[in-house]
Amino acid sequence: VTLPLSGYGYGQQLATLSGTSVDMPLTGYQSGLLTLYLGIQRQSDLQWWTAAAGGSWQTTRNDVPMSPPTYPATNWSYNVGSFWTTVPAAGETFTAYAWAKDHVVLPDVSYQNIESSMVVKATFRYDVTSPTSTITSPGNNLYFSGLPGAALDTITGTAVDLPLTGAGSG
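In this report, we go over the structure that sits alongside the text. Bear in mind that the values here come from a model prediction, so they are computed numbers and not experimental data.

## A few points about the overall build of the protein
Each helix and strand counted, the protein has zero helices and eleven strands in total. The order of helices and strands in the protein, counted from the N terminus, is β-β-β-β-β-β-β-β-β-β-β. Accessible surface for the protein amounts to roughly 10,100 Å². Of this, 57% is attributable to carbon and sulfur atoms.

Given below as structure tokens:
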């Protein structure tokens, strides 16, 4: 997965997810890719995106099958459609899995090489909550000057970008 970048937070809803896939090793004798799958899990409730029936979130994993790139091309993209309709106003963290099957059909399809569907390819965050900051010292409405004993030596405070969990947080 090349977009979204893993470990980053995004402040806008992406229209597509994209990446690359290739039948290895690159010898010139590959069978090519038969099917490419994309699985996306929402981390707040561990539900999975499915493209069935216009798209929805469900408890059962049902990865989206996509047409693979034509050999030797390696780029793919997925239009997320209604993917964002149930994302909370504060944002969300997602985990993406992309995996493929090669086009081996002889002696039969049981000889297909299948990439693991359990390897995380990207974790990204949709973040639309502004960070906050406070000044803890000096106190409000205090006066300082350059005179000895009345000088302000240090200003301290805090800054936080909530929620503190997920990709691109902190």
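## Concerning the packing of aromatic side chains
Following the criterion strictly, the structure yields five aromatic pairs and no others. Taking 5.3 Å as the distance between ring centres and 25 degrees as the angle between the ring planes, the aromatic pair formed by Phe-94 and Phe-124 counts as stacked. One end of the pair, Phe-94, is in strand β8 (residues 91–102); the other, Phe-124, is in strand β9 (residues 122–127), with 30 residues separating them in the sequence. The same class applies to Phe-94 as to Phe-124, namely buried. Three or more aromatic residues link up through ring pairs in this structure, and these residues are Trp-49, Trp-57, Phe-94 and Phe-124.

## A few points about the pattern of salt bridges
The full count for this structure, using the stated rule, is two salt bridges. The partner of Asp-45 in a salt bridge is Arg-42, with the nearest N and O atoms 2.6 Å apart. Of the charged contacts in the structure, one is a salt bridge between Arg-61 and Asp-63, with a shortest N-O distance of 2.8 Å. Taking relative accessible area as the criterion, Arg-61 reaches 25% and is therefore assigned partly exposed. Its relative accessible area of 11% is what places Asp-63 among the buried residues.

## Section: the pairing of strand β4 (residues 47–50)
Consecutive residues of a regular strand have side chains that alternate between opposite faces of the sheet. Summarising the sheet, strand β3 (residues 33–42) and β4 pair through two bridges and their orientation is antiparallel. Residue pairing across strands places Gln-41 opposite Trp-48, the latter belonging to β4. Counted along the chain from β3 to the antiparallel partner β4, the turn is four residues long, and its residue Leu-46 has a positive phi close to 60 degrees. As judged from the three bridges shared by β4 and strand β5 (residues 56–58), these two strands associate in the antiparallel manner. If you follow Trp-48 over to β5, its bridge partner there is Gln-58.

## A few points about the environment of Ala-98
Here Ala-98 is to be found in strand β8. Given a relative accessible area of 9%, Ala-98 falls into the buried group. If sequence neighbours within four positions are ignored, Ala-98 has contacts with Val-1, Tyr-37, Leu-38, Trp-76, Glu-115 and Lys-121.

## Section: a nonpolar patch on the surface
Residues Ile-135, Leu-142, Phe-144, Leu-152 and Ile-155 make up a contiguous nonpolar surface patch of roughly 510 Å² in combined accessible area. Following the sequence through the fold, Phe-144 ends up in the loop between β10 (132–137) and β11 (156–160). Owing to a relative accessible area of 40%, Phe-144 belongs among the partly exposed residues under this scheme.

## A few points about unusual backbone geometry
Cis geometry marks the peptide bond from Leu-3 to Pro-4; its omega dihedral reads 10 degrees. Within the secondary structure, Pro-4 is located in the segment before β1 (9–10). Residue Pro-138 is bonded to the preceding Ser-137 through a cis peptide linkage, with omega at 15 degrees. Note that Pro-138 resides in the loop between β10 and β11. The backbone of Leu-46 sits at a positive phi, close to 60 degrees, despite the residue not being glycine. Relative to the assigned elements, Leu-46 resides in the loop between β3 and β4.

About the criteria used
- Residues numbered from 1 in each chain as written.
- Predicted model: local features only at pLDDT ≥ 70, side-chain atom pairs only at ≥ 80, totals over all residues.
- Heavy atoms only, no water.
- Helix = DSSP H or I, 4+ residues; strand = E, 2+ residues; numbered from the N terminus.
- Areas by Shrake-Rupley, 256 points an atom, 1.4 Å probe, with all protein chains shown as cover.
- Phe/Tyr/Trp six-rings, centres within 6.5 Å; stacked < 30°, edge-to-face > 60°.
- Buried < 20%, exposed > 50% of the residue type's maximum accessible area, 1.4 Å probe, protein only.
- Salt bridge = Lys/Arg side-chain N within 4 Å of Asp/Glu carboxyl O.
- Pairing = 2+ DSSP bridges.
- Contact = heavy atoms within 4.5 Å.
- Patch = residues over 30% accessible without salt bridge, like charges linked within 9 Å, V, L, I, M, F, W, Y side chains within 5 Å.

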